[in-house]
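Residues per chain are reported as follows:
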Amino acid sequence: MTIRYGYGTNGLTDLRLDDALGLLADLGYDGVGLTLDHMHLDPMAPELAARTRKVAARLTELGLGVTVETGARYVLDPRRKHGPTLLDPDPEGRAARTGLLVTAVRVAADLGAHAVHCFSGITPDGTDPDTAWKRLEESITPVLDAARAAGVPVAIEPEPGHLLADIAGFHHLRTLLGDPEPLGLTLDIGHCQCLEPVSPADCVRDAGPWLRHVQIEDMRRGVHEHLPFGDGEIDFPPVLAALDATGYQGLTVVELPRHSHAGPDMARTSLDFLRSMGAPA
């Protein structure tokens, strides 16, 4: 198989970024899903461009590819998890999220990243669906413009409980926006198991033309909980075979954000598991 595996730094938050990158390279990962956050390349702190150059040099030194992820819990507001979002009732809040994503596009271009990941956010209380979709269209358009100029695709993730919750929601947004070239899909394999109407392998096949980023972990039907491999219900060999068959060239990033306390061990055992599942019979 030609799948390129990465590990998300949101599952290595107890490590300094330089140490996390060194760990992943030593374990044999192909890359990293780099979440912009206060402990790992803080997008809000001074001298971002200079710090980004240092990270880019380190990635090159280690031979690691990178995806820029933007799911930090409190990077914009220390009191609201993932807030404000692209759907925020406050125009200034929506603009703050748009600004963060535009910054992420610039960072991604400077790192040589293959995509910038994002998500829609939860529909605020009292907001009707049409208004929420309109806000998402308006808020993400400047991000797509920046992505087009930088040559870095934006990969939006269907997230359980969000306005854009599934693959059908991705296609709805794509249609609303007129199918813009920079807009792609982040497919989370666990989320497919959690709520999509078809199997994870079928999700991969259906999503193939739009894949720009892939996240992977185990999960159970109807329960949005990211689990170590083997603790959920996913049959991984068909999923990995389907992914390999799409010709997707980006990273497939292990997403275990609640296991940072055991991050180094999780990174090791996850790669061992994935390699064993993808081995030819």
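Rules used in this analysis
Residues numbered from 1 in each chain as written. Predicted model: local features only at pLDDT ≥ 70, side-chain atom pairs only at ≥ 80, totals over all residues. Heavy atoms only, no water. Helix = DSSP H or I, 4+ residues; strand = E, 2+ residues; numbered from the N terminus. Polar contact = N/O pair within 3.5 Å; in protein donor to acceptor, adjacent residues only side chain to side chain. Contact = heavy atoms within 4.5 Å. 1 Å grid on protein atoms, 1.4 Å probe; cavity = no way out; pocket = protein on both sides within 12 Å on 5 of 7 lines; lining within 4 Å. Points joined across faces, edges and corners; volume = space filled by probe spheres on them. Nonpolar A, V, L, I, M, F, W, Y, C, P; charged D, E, K, R; others polar.

Participant: I keep staring at the side chain of His213 and nothing clicks. Help me out?
Facilitator: Relative to the assigned elements, His213 resides in strand S7 (residues 211–216). Here the side chain of His213 touches Thr67 through a polar contact of 3.5 Å, side chain to side chain. Apart from the residues within four sequence positions on either side, His213 is in contact with Thr67, Glu69, His114, His117, Ala155, Leu185, Thr186, Leu187, Tyr248, Leu251 and Val253.

Participant: Just to check I follow, could you spell out empty space enclosed by the protein for this structure?
Facilitator: Sizing a probe to match a water molecule and rolling it over the atoms shows the empty space that remains. For the structure shown, the criterion picks out two cavities of 30 Å³ or more. Estimated volume of the largest cavity: approximately 60 Å³. Together, Thr2, Ile3, Arg4, Leu243, Asp244, Gly247, Tyr248, Gly250 and Thr252 line the largest cavity. In the lining of the largest cavity, the residues fall into three nonpolar, four polar and two charged. Of the volumes computed, that of the second largest cavity is approximately 40 Å³. Along its surface, the second largest cavity is lined by Pro158, Ala165, Thr186, Leu187, Asp188, His191, Cys192, Leu195 and Glu196.

Participant: Honestly, the environment of Cys118 in this entry has me stumped. Any pointers?
Facilitator: By secondary structure assignment, the location of Cys118 is in strand S4 (residues 116–118). Spatially, the C-alpha atom of Cys118 lies 9.9 Å from that of Glu159, the residues being 41 residues apart in sequence. With residues near it in sequence (within four places) discarded, Cys118 still touches Thr70, Leu101, Ile140, Val154, Ala155, Ile156 and Glu157.

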